[in-house]
Amino acid sequence: MVAAVSNSGWAADLWVARSLPALLGVLSIPAMYGFGWLISRSKRIGHVAAALMAVSPFGVYLAQEARHYTLAVLWVIASLACMVTALSWIQRRKRLPLWFILLWVFTNSLGIATHYFFGLTLCAEALVIAAVLLLELRNRPQNPFALLFSAGWNNLCAVVAGTSIACLVWLPAWRGNQYEEATRWAFDFSRDRLEWLYPIQRTLTGIISMFTFVPSIKEIRLYSKF
């Protein structure tokens, strides 16, 4: 994104640097509508999800940054949509099409390449998939290996393998980031111990603001009417 910034002046540079993240932030609103409709098949739920994304203080904050955070948000939504679709097909004993497997692996690959925090999304998906697998074993007791090789689950193993390979490809780049100025603080053991608490403090502050400034039920109902 820095390379796309022109040299015509600071004001123009700032506008160009922030325009793409803002545009991606706007695109996350209809994306959340689609995801809300996908998990509920309800337009009202989709409207509420889109409204919450539109007025989210954290989402607005990310859209104002001249960085790639809003792109990572879109990859998160796309990956979660793939997971919901895959689990729906598996529960109906349908195999995952090859194009869908490649699409999901491609989405996860771009997500992990955009921001390493996307790994939290992969961990959350792994927990959900593991919970669904345990429910399958509980409802129909059988050999776990036989279940993994049944319709749908074996294709899911291919997704896991492809995503793992995509993550391993970026390990050398992550190891090299310890020498960059932006990430050197994480590897600097000579600093004051209290400074290690600053990232945790900022995270808690962001989470509290998300719940503090969440729209009221009246506002959500107002958004859902549109």
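The following refers to the structure shown. (Residues numbered from 1 in each chain as written. Predicted model: local features only at pLDDT ≥ 70, side-chain atom pairs only at ≥ 80, totals over all residues. Heavy atoms only, no water.)

What the protein chain contains, in helices and strands, is 11 helices and 0 strands. Overall, the protein chain shows an N-to-C arrangement of helices and strands of α-α-α-α-α-α-α-α-α-α-α. For the protein chain, contacts bridging at least 24 residues in sequence account for 62% of all contacts bridging at least 6. Carbon and sulfur atoms form 70% of the exposed surface of the protein chain, whose accessible area is close to 15000 Å². (Helix = DSSP H or I, 4+ residues; strand = E, 2+ residues; numbered from the N terminus. Contact = heavy atoms within 4.5 Å. Areas by Shrake-Rupley, 256 points an atom, 1.4 Å probe, with all protein chains shown as cover.)

It is worth spelling out helix H5 (residues 98-114) at this point. Given a rise of 1.5 Å per residue, 17 residues ought to cover 24 Å, and the 24 Å separating the end C-alpha atoms of H5 matches this to within 8%. Three or more residues of H5 are buried, namely Phe100, Ile101, Trp104, Val105, Thr107, Asn108, Ser109, Gly111, Ile112 and Thr114. (Expected span 1.5 Å × (residues − 1). Buried < 20%, exposed > 50% of the residue type's maximum accessible area, 1.4 Å probe, protein only.)

By the element assignment, Ser28 lies in helix H1 (residues 10-40). Ser28 gets classed as buried once you look at its relative accessible area, which sits at 4%. Among all residues touching Ser28, those that are not within four sequence positions of it are Met53, Val73, Leu74 and Ile77.

Right, let's talk about the packing of H5 against helix H6 (residues 118-139) for a bit. For the pair H5 and H6, interaxial distance at closest approach is 8 Å and the crossing angle is 140 degrees. Considering the angle they form, H5 stands oblique to H6. Here Trp104, Thr107, Asn108, Gly111 and Ile112 of H5 come into contact with H6, specifically with Phe118, Gly119, Leu122, Glu125 and Ile129. Here the contact of H5 with H6 is composed, by residue class, of 5 nonpolar, 4 polar and 1 charged. (Axes fitted to C-alpha atoms, helices over the stretch in contact; angles between N-to-C directions. Parallel < 35°, antiparallel > 145°, perpendicular 65-115°, else oblique. Nonpolar A, V, L, I, M, F, W, Y, C, P; charged D, E, K, R; others polar.)

The next point concerns a nonpolar patch on the surface. On the surface, a cluster of nonpolar side chains totalling about 260 Å² of accessible area is made up of Leu20, Leu23 and Leu27. If you trace the backbone, Leu20 turns up in helix H1. Look at Leu20 and you get partly exposed, because its relative accessible area is 42%. (Patch = residues over 30% accessible without salt bridge, like charges linked within 9 Å, V, L, I, M, F, W, Y side chains within 5 Å. Salt bridge = Lys/Arg side-chain N within 4 Å of Asp/Glu carboxyl O.)

Here the focus is the side chain of Ser79. Along the chain, Ser79 turns up in helix H4 (residues 69-91). By relative accessible area, Ser79 is classed as buried at 0%. There is a polar contact of 2.7 Å between the side chain of Ser79 and the side chain of Asn108. Setting aside residues no more than four positions away along its own chain, Ser79 makes contact with Trp104, Thr107, Asn108, Phe118 and Glu125. (Polar contact = N/O pair within 3.5 Å; in protein donor to acceptor, adjacent residues only side chain to side chain.)

Before going further, it helps to spend a moment on the packing of aromatic side chains. A complete count under the given rule lists 4 aromatic pairs for this structure. Considering the side-chain rings of Phe100 and Trp104, the 6.1 Å spacing of their centres and the 55 degrees angle between planes classify their relative orientation as tilted. Taken as a pair, Phe100 and Trp104 lie in helix H5 at a separation of 4 residues, close to a single helical turn. Between Tyr116 and Phe117 the ring centres are 4.9 Å apart and the planes differ by 75 degrees, which places this aromatic pair in the edge-to-face class. (Phe/Tyr/Trp six-rings, centres within 6.5 Å; stacked < 30°, edge-to-face > 60°.)

Turning our eyes to something else, we now look at the environment of Ile77. The topology assignment puts Ile77 in helix H4. On the basis of relative accessibility, which here comes to 9%, the residue Ile77 falls in the buried class. When near neighbours in sequence (up to four residues on either side) are disregarded, Ile77 contacts Ser28, Ala31, Met32, Phe35 and Met53.

Left-over empty space is what a probe sized like a water molecule reveals as it rolls over the atoms. Roughly 320 Å³ of internal volume is contained in the second largest pocket. At the level of elements, H5, H6 and helix H8 (153-169) are the ones that each hand at least two residues to the lining of the second largest pocket. Each residue belonging to the lining of the second largest pocket can be placed in one class, and the counts come to 14 nonpolar, 2 polar and 1 charged. (1 Å grid on protein atoms, 1.4 Å probe; cavity = no way out; pocket = protein on both sides within 12 Å on 5 of 7 lines; lining within 4 Å. Points joined across faces, edges and corners; volume = space filled by probe spheres on them.)

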